[in-house]
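Commentary on secondary and tertiary structure
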Amino acid sequence: FIDKKVTVVFVLGGPGSGKGTQCANIVEHFGFTHLSAGDLLRAEIKSGSENGTMIQNMIKEGKIVPSEVTIKLLQKAILDTANDKFLIDGFPRNEENRAAFENVTKIEPEFVLFFECSEEEMERRLLNRNQGRDDDNIETIRKRFKVFMESSVPVVEYYNSKGKVRKIDAARPIDEVFDAVKGIFSQFSK
Ligand code: UP5
Ligand code: MG
């Protein structure tokens, strides 16, 4: 387990709901370290790791990479960072991710920040992003939406039943979404 006292906030929401964008704002204002599970997996592909091809294929299909791979990357990032406050963006994506992370790290999230947005708006954002991501094409986007509804929404429901979800209307402009986020993070003001 992780023998280091840390505060973790899970940042969840559909593909293109604005997780990465808002995490950058939270880092700047509240001193968290941003760990995007997707970014860590994409870096793993680029590094030429033995799992790279498997990860690349799963991302192309919008599928969830096996927990042990993602958890190992998150654990290493937490231990290699001097900070004790982390935003974990885009993880856990299914019940198995959630249970395995809890069992392996013994970390419980402080709360879950959940960005709510319509698929229509998320699709528009992803198709406009133009950052060359392998999964930003309409075929993969549809698969990502399906996996989100089937596997990730139940994780949000699990935390909601524990009173841990802070839900934000993420369909508004970026600065308005951040105004709502600020209210939730004010407890971390320096
Ligand atoms: N934008 C942002 N906010 C906006 C706003 N309020 N108004 C208008 N535009 C807004 O934003 C997306 C785009 O929208 C950007 O162009 C932005 O400027 C604009 P972004 O902040 O990037 O949204 P985000 O929610 O981060 O979207 P992302 O595509 O990263 O979400 P995903 O959850 O799909 O991607 P992730 O990188 O987390 O995962 C990718 C894949 O990796 C998964 O499908 C899966 O295959 C794999 N994966 C795992 O297997 N396990 C994991 O634990 C994590 C990932
Ligand atoms: Mg992202």
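The structure displayed is predicted, hence computed values, not measured ones.

What follows is about the packing of aromatic side chains. Summed over the entire model, instances satisfying the criterion amount to eleven aromatic pairs. Taking the centre distance of 5.4 Å and the plane angle of 70 degrees together, the rings of F111 and F185 count as edge-to-face. Separated by 74 residues along the polypeptide, F111 in strand β4 (residues 111-116) and F185 in helix α8 (residues 174-185) bring together distant segments of the chain. Note on F111: relative accessible area 1%, which makes it buried. Ring centres of Y158 and Y159 lie 5.0 Å apart, and the angle between their planes is 80 degrees; on these two criteria the pair is classed as edge-to-face.

This part is about the sheet that holds strand β2 (residues 33-36). One open sheet holds the five strands; their spatial order is β2-β3-β1-β4-β5, and the pairing between them is parallel. In the strand order of this sheet, the two ends are held by β2 and β5 (165-169), each with one partner. Between one strand and the next, the sheet's axes are offset by a mean angle of 20 degrees, whatever the strand orientation. The sheet contact formed by β2 and strand β3 (residues 85-89) spans four bridges and is parallel. When the sheet's bridge partners are listed, T33 is paired in β3 with F86. The strands touched by α8 are β1 (7-13), β3, β4 and β5; relative to β4, the strand with the most contacts, the crossing angle is about 165 degrees.

Locating A77 in the fold gives a position in helix α4 (residues 67-80). Separated by 44 residues in the primary sequence, A77 and T33 place their C-alpha atoms 9.8 Å from one another. Non-local contacts of A77, meaning those with residues more than four positions away in its chain, are made with L35 and F86.

Let's shift gears to the site of ligand 1. By nearness alone, 31 residues border ligand 1, and T21, K63, V65, R93 and R144 come closest of all. Contact between ligand 1 and R133: an oxygen atom at 3.0 Å from a side-chain N or O atom of the residue. Within the complex, the protein chains bury 87% of what would otherwise be the 1000 Å² of accessible surface of ligand 1. The biggest single contributor to the shell around ligand 1 is helix α2 (residues 37-46), with four residues.

A few words on the environment of H34. Position of H34 among the secondary structure elements: in strand β2. If we skip the residues at most four places from it in the chain, H34 touches G20, C23, V27, L87 and D89. Side chain to side chain, H34 and D89 meet in a polar contact 2.8 Å long.

Reading guide: rules and limits
Residues numbered from 1 in each chain as written. Chains lettered and ligands numbered in written order. Predicted model: local features only at pLDDT ≥ 70, side-chain atom pairs only at ≥ 80, totals over all residues. Heavy atoms only, no water. Phe/Tyr/Trp six-rings, centres within 6.5 Å; stacked < 30°, edge-to-face > 60°. Helix = DSSP H or I, 4+ residues; strand = E, 2+ residues; numbered from the N terminus. Buried < 20%, exposed > 50% of the residue type's maximum accessible area, 1.4 Å probe, protein only. Pairing = 2+ DSSP bridges. Axes fitted to C-alpha atoms, helices over the stretch in contact; angles between N-to-C directions. Contact = heavy atoms within 4.5 Å. Near = heavy atom within 4 Å. Polar contact = N/O pair within 3.5 Å; in protein donor to acceptor, adjacent residues only side chain to side chain. Areas by Shrake-Rupley, 256 points an atom, 1.4 Å probe, with all protein chains shown as cover.

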